[in-house]
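Overview (structure and organization)
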Amino acid sequence: MSATRYLPFAGRLLLGLPFAISGLGKLAAIGPTTELIRAAGLPLPPASLAVAVIIELGGGLLLVAGFRVRIAAIALALFSFATAVSFHTNFADQNQMIHFLKNVMIAGGLLQIAAFGAGALSMDNRSPNGGTQEKS
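Right, let's walk through the structure included here. A quick note: this is a predicted structure, and the numbers were derived from the prediction, not measured. (Residues numbered from 1 in each chain as written. Predicted model: local features only at pLDDT ≥ 70, side-chain atom pairs only at ≥ 80, totals over all residues. Heavy atoms only, no water.)

**Points about unusual backbone geometry**
Selection rule: To qualify as a helix, a DSSP run of H or I must reach at least 4 residues; to qualify as a strand, a run of E must reach at least 2; elements of each kind are numbered from the N terminus.
The phi angle at Leu 44 is positive, at roughly 45 degrees, despite the residue not being glycine. Positionally, Leu 44 belongs in the loop between α2 (30-39) and α3 (45-65). Here Arg 68, not a glycine, exhibits a phi torsion of approximately 50 degrees, which is positive. Its place among the elements puts Arg 68 in the loop between α3 and α4 (69-87).

**As for helix α1 (residues 7-28)**
For clarity, the cut-off: Helix span is expected to be 1.5 Å times the residue number reduced by one. Think of it in three bands: residues with accessible area under 20% of the maximum for their type are buried, residues over 50% are exposed, and the middle band is partly exposed, with areas taken using a 1.4 Å probe on protein chains only. Working rule for contacts: check all heavy atoms of both residues, and any pair within 4.5 Å makes them a contact.
With 22 residues, α1 should reach 32 Å at 1.5 Å per residue; the first-to-last C-alpha distance of 32 Å fits that figure. Listed as buried for α1 are Arg 12, Leu 15, Gly 16, Phe 19, Ala 20, Gly 23 and Lys 26. Lining the buried residues of α1 we find α2, α3, α4 and α5 (94-116).

**Considerations on the layout of surface pockets**
Cut-off, in case you're wondering: Both site types are read off a 1 Å grid over the protein atoms alone. A 1.4 Å probe that fits but cannot get out defines a cavity, while an open set with protein on both sides within 12 Å along at least five of seven lines defines a pocket; lining residues have an atom within 4 Å of a point. Grid points are joined across faces, edges and corners, and a volume is the space filled by probe spheres set on the points. Just so you know the grouping, Ala, Val, Leu, Ile, Met, Phe, Trp, Tyr, Cys and Pro go in nonpolar, Asp, Glu, Lys and Arg go in charged, and all remaining residues, Gly too, go in polar.
By volume, the largest pocket is sized at about 630 Å³. Considering the residues around the largest pocket, the lining is formed by 27 residues, among which Lys 26, Glu 56, Phe 79, Thr 83 and Phe 87 are closest to the centre. For the lining of the largest pocket, the elements supplying multiple residues, two or more each, are α1, α2, α3, α4 and α5. Among the residues making up the lining of the largest pocket, the classes are represented as 15 nonpolar, 9 polar and 3 charged.

What follows is the structure in structure tokens.
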């Protein structure tokens, strides 16, 4: 068994956990997060918060588990890009530029997962007999 077999799982873990933690953080600070969304001028802040929590927490957990990763990765990539455009466009502030670029880079990594799948150690690639399916 090649060590590279574990790389897709490590990548999913490193991308998925921060999203899940961020979603939980939003649940722990509903009022302040709703006000931040309102201050950014986004429509329906409570509904926007609910969507953000569902995408971050749900998508992050799906990535870690390796279940329906292509769909989860696309949703999270779109979310990351939308967040960059909605919250981090004050490029005169170097910190905001860094956050913008970070979100764009995360979206790029997620698109790689969407293109190439979850990898061997995932629920998506489990065979009915408990092993993993190998793709050619």
